[in-house]
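Remarks on the overall topology
Take a look at the letters that make up each chain.
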Amino acid sequence: MKILVATDAWHPQVNGVVRTLGHTAREAAAMGATIEFLAPGEFRTLPMPSYPEIRLALTGPGAVERKLDKIAPDAIHIATEGPIGHAMRRVCIRRGLPFTTSFHTLFPDYLAERLPLPERWTREATWAWLRRFHGAGAAVMAATPTLAAELSSRGFKNVKLWPRGVDAELFRPREKSMIDLPRPIFLTVGRLAVEKNVEAFLALDLPGTKLVVGDGPARAGLARQYPKAVFLGTKQGEALAEIYAAADAFVFPSLTDTFGLVLLEALASGVPVAAFPAAAPRDVIGEAPVGRLDDDLQRACLEALECSREECRAFALKMTWEESARIFLDHVAQANQVVRTRRIWLKRRRRTPKPDNDAVNGVASEFVLTEQNARASSSARSRTR
């Protein structure tokens with residue numbers, strides 16, 4: 001099976017959507033499926049306002065349709081609601097092609113943080129837009145049970161659970177001595193933007209060192225405001241894995257993330273988590289003794305230091321990208337099969353001629369006459385005997 005994924009989030013962006021799609025494609029290949037991407041690199045782009053590191057594609061349905069014809073996939077998945085996602089959605093609807101979508105970002109919460117408007121306006125309007133966008137697809141995939149339940153409660157149809165995984169070979173326990181900073185080291189990793197709530201972590205009174213990995217529009221302001229924190233910028237691969245393993249606790253201050261792959265990366269590295277009891281950490285960690293969830297983030301950070309690093313690692317090993325990719329492929333295949341089966345049924349129904357009343361009446365009359373003759377013949381035989 002060849003799947004075309006239309007996404008506005010792709011390299012060189014560094015975020016959970018890009019990592020999820022990349023891991024899914026690699027694991028899918030080992031299962032005999034091919035995933036190709038229609039991403040911003042295929043088109044002219046411009047920087048997104050307030051997020052210059054994110055490039056928005058300058059494209060429309062025509063250009064997307066030509067790419068679609070060239071790739072000729074067996075199935076289509078729309079991963080994002082940006083220009084590429086919208087263009088692919090329009091092409092699919094016009095052509096009558098089935099497609100699936102995935103829900104990665106709580107845009108209503110993000111916009112409520114950024115726009116100087118009443119929350120009920122930004123939230124309700126954005127939820128209505130998202131419901132319409134995803135409603136045209138055969139299924140919408142959500143990363144956690146909490147998110148899936150919220151989407152269903154807001155009128156989204158055919159919501160499917162698509163859990164995430166972790167690269168446990170890359171993110172693993174290592175020597176902690178590679179970072180020479182005062183301990184304990186409290187680490188956070190992610191995009192530095194207002195919706196990530198990083199300031200809630202940096203403002204805490206904690207011993208040791210606050211270590212920040214990531215970049216974004218809020219970095220310069222946060223670095224000025226919190227000069228004692230150490231900002232390392234964006235890190236990937238081995239460099240990122242070494243930093244995870246050197247930390248004593250991982251702090252996740254976000255209140256709006258839908259999953260948080262960084263949680264699993266930290267746990268696979270043997271690092272316990274401290275977070276608010278928000279949806280993402282509740283879904284990922286739950287009641288497991290691998291971190292502390294508390295409305296008092298300072299208390300959560302200090303108590304997380306007491307968690308077993310071995311238990312953190314063992315917990316993360318249960319969540320693999322192989323299983324995540326298998327579930328994704330199953331959802332795509334099932335959604336396309338359901339749509340095709342429904343279309344075949346409708347075609348057959350349209351082709352079946354409606355019964356002609358005269359013909360029906362004729363058949364019925366002939367049946368009655370036959371029955372009457374049979375009964376008369378049976379009576380004659382009885383009298384003869």
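Keep in mind the model is a prediction, meaning the values are calculated, not measured. (Residues numbered from 1 in each chain as written. Predicted model: local features only at pLDDT ≥ 70, side-chain atom pairs only at ≥ 80, totals over all residues. Heavy atoms only, no water.)

Check the secondary structure of the chain and you find 15 helices and 14 strands. The buried share of the chain, taken over its 385 residues, is 46%. Pairs at least 24 residues apart make up 67% of the contacts formed inside the chain by residues separated by at least 6 positions. Within the structure as shown, the chain displays about 19,500 Å² of accessible surface, and the carbon and sulfur contribution to it stands at 53%. (Helix = DSSP H or I, 4+ residues; strand = E, 2+ residues; numbered from the N terminus. Buried < 20%, exposed > 50% of the residue type's maximum accessible area, 1.4 Å probe, protein only. Contact = heavy atoms within 4.5 Å. Areas by Shrake-Rupley, 256 points an atom, 1.4 Å probe, with all protein chains shown as cover.)

Its location among the elements puts V284 in helix α11 (residues 279–285). On a C-alpha basis, the gap between V284 and F259 in space is 7.4 Å, while along the polypeptide they are 25 residues apart.

Turning next to the packing of helix α2 (residues 61–71) against helix α3 (residues 83–95). At a minimum axis separation of 8 Å, α2 and α3 run at an interaxial angle of 70°. Regarding the angle of α2 to α3, the classification is roughly perpendicular. Residues P61, V64, E65, L68 and D69 of α2 form the contact with α3, whose participating residues are A87, M88, R90, V91, R94 and R95. Of the residues in the contact of α2 with α3, the class split is six nonpolar, no polar and five charged. (Axes fitted to C-alpha atoms, helices over the stretch in contact; angles between N-to-C directions. Parallel < 35°, antiparallel > 145°, perpendicular 65-115°, else oblique. Nonpolar A, V, L, I, M, F, W, Y, C, P; charged D, E, K, R; others polar.)

Our next topic: the pattern of salt bridges. Two side chains with opposite charge may pair up if their charged atoms get near one another. Summed over all chains, the structure comprises 16 salt bridges. With a shortest N-O distance of 2.7 Å, D248 and R183 are connected by a salt bridge. Linking D248 in the loop between α9 (237–246) and β12 (249–252) with R183 in the loop between β8 (159–161) and β9 (185–189), this pair joins segments that are 65 residues apart in sequence. Classification of D248 as buried rests on a relative accessible area of 12%. The class of R183 is partly exposed, set by a relative accessible area of 35%. Residues participating in the shared-partner salt-bridge network are E65, D69, R94 and R95. (Salt bridge = Lys/Arg side-chain N within 4 Å of Asp/Glu carboxyl O.)

This paragraph deals with the side chain of E81. Along the chain, E81 falls in the loop between β5 (75–78) and α3. Despite its burial, E81 pairs with no opposite charge; the closest candidate is R89, at 9.9 Å N-O. For E81, the side chain forms a polar contact with the side chain of H134, separated by 2.8 Å. (Lys, Arg positive; Asp, Glu negative; His and termini not counted. Polar contact = N/O pair within 3.5 Å; in protein donor to acceptor, adjacent residues only side chain to side chain.)

Let us look at the sheet that holds strand β1 (residues 2–6). The strand order β2-β1-β5-β6-β7-β8 describes an open sheet built from six strands, whose pairing is parallel. Lying at the two open borders of the sheet, with one neighbouring strand each, are β2 (34–38) and β8. Averaged over all adjacent pairs, the angle separating strand axes in this sheet is 30°, with direction ignored. Bridge count for β1 against β5 is four bridges, and the pairing is parallel. Looking across to β5, one finds that I3 is bridged to A75. (Pairing = 2+ DSSP bridges.)

A few words now on the sheet that holds strand β11 (residues 230–231). On the basis of which strands lie adjacent, the open sheet formed by six strands has the order β11-β10-β9-β12-β13-β14 and parallel pairing. Edge positions in the sheet fall to β11 and β14 (291–293), since each has one partner strand and no second. Strand direction decides the pairing type here: β9 and β12, joined by two bridges, are parallel. Counted as the bridge partner of F186 is A249 from β12. In this fold helix α10 (residues 261–268) packs onto β9, β12 and β13 (273–275), with an angle of close to 175° to the strand it touches most, β12. Packing against the sheet, helix α12 (residues 297–304) makes contact with β9, β12, β13 and β14, and its axis sits at approximately 170° to β13.

Another point: helix α1 (residues 16–30). Every α-helix carries 3.6 residues per turn, so stepping three or four residues along brings you back to the same face. With 15 residues, α1 should cover 21 Å at 1.5 Å per step; its first-to-last C-alpha distance of 22 Å lies within 8% of that length. By the burial criterion, the buried members of α1 are V17, V18, T20, L21, G22, H23, T24, A25 and A28. Residue N15 occupies the N-cap position of α1, its side-chain oxygen lying 3.1 Å from the main-chain nitrogen of V17. Immediately beyond the C-terminal end of α1, within one or two residues, lies G32, with a positive phi of roughly 90°. (Expected span 1.5 Å × (residues − 1).)

Okay, the nonpolar core next. Counting residues in hydrophobic clusters, the biggest one holds 38 residues, and the most contacted among them are F171, L187, V189, Y244, F250 and L267. With seven residues, α10 is the single largest residue contributor to this core. Those residues in contact with V189 that lie beyond four places of it in its chain are V213, L240, Y244, F250 and V262. The next biggest cluster of nonpolar side chains, apart from the first, holds 21 residues, and it includes L21, M141, W162 and L329. (Core = buried A, V, L, I, M, F, W, Y, C linked by side-chain atoms within 4.5 Å.)

The subject of this paragraph is the confidence of the model for the chain. On average, the chain scores 88 in pLDDT, and the residues at 70 or more come to 83%. Below pLDDT 50 for its whole length, residues 354–372 participates in one contact with residues either more than four positions away or in separate chains. Predicted confidence is poor over residues 374–385, with pLDDT under 50, and the contacts of this stretch with residues over four places away or in other chains come to zero contacts. (pLDDT = per-residue confidence, 0-100.)

The next thing to look at is the pairing of strand β7 (residues 139–142). Both faces of β7 are covered, namely the face carrying A139 and M141 and the face carrying V140 and A142. Looking at chain direction, strand β6 (residues 100–103) and β7 are connected through four bridges and run parallel. Residue pairing for β7: S102 is matched across the bridge by M141. Bridge count between β7 and β8: three bridges; the pairing is parallel. Residue pairing across strands places M141 opposite K160, the latter belonging to β8. Following the chain from β7 across helix α6 (residues 145–153) to the adjacent parallel β8, one finds a crossover that is right-handed. (Right-handed = clockwise from strand over helix to strand, strands pointing away.)

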